[in-house]
Amino acid sequence: MFFRSVCYLVVVWLISGSDVESCPELPPVDNSIFVAEEVKGQIWGTYFCLKGYHLEGERNFFCNASKEWNASTPQCRLGHCPDPVLVNGEFSPLGPMNVSDKITFKCKEHYILKGSNWSQCAEDHTWAPPLPVCRSRHCGPPGNPAHGNFEGRDFNSGSTITYYCEKGYHLVGTQEQQCIDGEWNSELPACELIQEVPKPAPQTECEKALLAFKETKELCKAIENVMQRLKECGSTMEEVKYFLELKKAELKAKMFS
C-alpha cells in the first residue's frame, strides 16, 4: 500500500493580533505556503506553491472591514508536463518534468535539430518553446516537374541534381538544386510549352507577280516579269485588277471597323 504525503504550511505575519481573530480562518491548501500581514486595517495574504506545483485560482487575498475574504481558496496542483519525445535524438534531464523545469535537446549523428535546443514546462502543462524535431541531413528524392526530369542519384547532403525538360518545353526556375541540411535549396522548377511563332502563309505565283515591280527599277522589265508570272499561274490582268479591288475593300473595312 502506498501513502501520498501531503504537506502545507501557514505562516502569518501580523502587526495586530486582535484583527486576525475576527477574520474567518482560511482552509489550508496542500503543498503551499501562505504569508499574511495587516496593512491599514486589512489583512493581506498571498499563497505560494511548493516547487513542482502550480497555482490554480486566486493568489492574493485580503480580509476587509466586514471580516470577509475576497475570494475562495486556490489549489496547488502538481505541474507535470507530457513526457517529451525526440525521434533520432536525446534530451536531458530524464524523468517527470514539473512546472519551470527545463530540458535540452541533441540530435544523433547525421541529423540536424529543427527548432529550439531547449524547452521549459509552462504552468498550463505545455512545453515552451515547442518541442523540436531531428531531421536527416540527407534529402529525399526530389519531385519531377510535368514534362521534365532530373539527373543525379546522390541525395546526400551537399550533392546536386540537374533538371531538364522534354523537347518542345523550356525550363522555368533553377536548373541545378543542392541538398543542404536535409532540404533542397530551391523550389521545383517548371517546364513550360514553347510557343511557336506562326509562319506566314506561302505566297502563290499570282501574288508573287504583284511584287515584280519591286524586283527591278526598269518599268519595261517589270511589266515583262508580271506578264510572265501571270501566264505561269494562269491568270489575266482582269483577274489581277479584281484581286486588287478586293484587297482595297478589305483594307478600308479594317480602317473603319
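In this text the structure is predicted, and so the values were computed from the model without any measurement.

**Thoughts on the environment of Ile 33**
- By the element assignment, Ile 33 lies in strand E2 (residues 32-39).
- A C-alpha to C-alpha distance of 7.3 Å links Ile 33 and Leu 50, two positions 17 residues apart in sequence.

**Re the pairing of strand E8 (residues 102-107)**
- Of the two faces of E8, the one lined by Ile 103, Phe 105 and Cys 107 is fully buried and the one lined by Lys 102, Thr 104 and Lys 106 carries no buried residue.
- Pairing of strand E7 (residues 89-92) with E8, which is carried by 4 bridges, proceeds in the antiparallel orientation. Note on E8: the bridge partner recorded for Glu 90 is Lys 106.
- As judged from the 3 bridges shared by E8 and strand E10 (residues 118-121), these two strands associate in the antiparallel manner. Looking across to E10, one finds that Ile 103 is bridged to Ser 119.

**Brief notes about the state of the cysteines**
- Considering all chains together, one arrives at 5 disulfides under this definition.
- Shown here is the disulfide that connects Cys 81 with Cys 121, its sulfur atoms set 2.1 Å apart. For the disulfide bridge between Cys 81 and Cys 121, the dihedral angle about the S-S bond is near 95°, and by the sign convention the bridge is right-handed. Remark: Cys 121 occurs in strand E10 and Cys 81 occurs in the loop between strand E6 (75-78) and E7; sequence separation between them is 40 residues.

**Comments concerning the side chain of Ser 116**
- Note that Ser 116 resides in the loop between strand E9 (111-114) and E10.
- A polar contact of 2.8 Å, which involves the side chain of Ser 116, links it to the backbone oxygen of Trp 118.
- Residues contacting Ser 116, with those up to four places away along its chain left out, are Phe 105, Pro 129 and Pro 132.

**Some points on the packing of aromatic side chains**
- Applying the stated criterion to the full structure yields 7 aromatic pairs.
- Taken together, a centroid distance of 5.4 Å and an interplanar angle of 80° make the contact between Tyr 47 and Phe 61 edge-to-face. Placement of Tyr 47 in strand E3 (residues 42-49) and of Phe 61 in strand E5 (residues 60-63) is noted, with a sequence separation of 14 residues between them.
- On the basis of relative accessibility, which here comes to 2%, the residue Tyr 47 falls in the buried class.
- When the centroid spacing of 6.2 Å and the interplanar angle of 65° are considered together, the rings of Phe 150 and Phe 155 count as edge-to-face.
- By the ring-pair criterion, three or more aromatic residues cluster together here, those being Phe 150, Phe 155, Tyr 163 and Trp 184.
- Taking the ring centre of Trp 118 as reference, the NZ or CZ of Lys 102 above it sits at 5.0 Å.

**Observations concerning the sheet that holds E7**
- If you walk across this open sheet you meet the 4 strands as E7-E8-E10-E11, and the pairing is antiparallel. In the strand order of this sheet, the two ends are held by E7 and strand E11 (127-128), each with one partner.
- With 2 bridges joining them, E10 and E11 adopt antiparallel strand pairing. Across the sheet, Gln 120 pairs through a bridge with Ala 128, a residue of E11.

**Quick word on the sheet that holds strand E14 (residues 160-165)**
- In space, the 4 strands of this open sheet follow the order E13-E14-E16-E17, with antiparallel pairing throughout. With partners counted over all chains shown, the strands left at the sheet margins are strand E13 (148-151) and strand E17 (183-184), one partner each.

**Description of the confidence of the model for the protein**
- The share of residues in the protein with pLDDT of 70 or more is 70%, and the mean pLDDT across the chain is 77.
- When the criterion is pLDDT under 50, residues 1-20 qualifies, and its contacts beyond four places in sequence or with other chains add up to 34 contacts.

**Describing the pattern of salt bridges**
- In this structure the tally under the stated criterion is 2 salt bridges.
- Notably, a salt bridge pairs Glu 183 with Arg 135, separated by 3.0 Å at the nearest N-O pair. You can see Glu 183 sitting in strand E17 and its partner Arg 135 sitting in strand E12 (residues 133-136), a full 48 residues away along the chain.
- Given the relative accessible area of 42%, Arg 135 is considered partly exposed.

**Description of the pairing of E2**
- Side chains Ser 32, Phe 34, Ala 36 and Glu 38 project from E2 onto a buried face, and the interleaved Ile 33, Val 35, Glu 37 and Val 39 project onto a face without burial.
- The sheet contact formed by E2 and E3 spans 8 bridges and is antiparallel. Of the residues in E3, the one forming a bridge with Phe 34 is Tyr 47.

Rules of the game
Residues numbered from 1 in each chain as written. Predicted model: local features only at pLDDT ≥ 70, side-chain atom pairs only at ≥ 80, totals over all residues. Heavy atoms only, no water. Helix = DSSP H or I, 4+ residues; strand = E, 2+ residues; numbered from the N terminus. Buried < 20%, exposed > 50% of the residue type's maximum accessible area, 1.4 Å probe, protein only. Pairing = 2+ DSSP bridges. Disulfide = S-S within 2.5 Å. Polar contact = N/O pair within 3.5 Å; in protein donor to acceptor, adjacent residues only side chain to side chain. Contact = heavy atoms within 4.5 Å. Phe/Tyr/Trp six-rings, centres within 6.5 Å; stacked < 30°, edge-to-face > 60°. Lys NZ or Arg CZ within 6 Å of the ring centre and 35° of its normal. pLDDT = per-residue confidence, 0-100. Salt bridge = Lys/Arg side-chain N within 4 Å of Asp/Glu carboxyl O.

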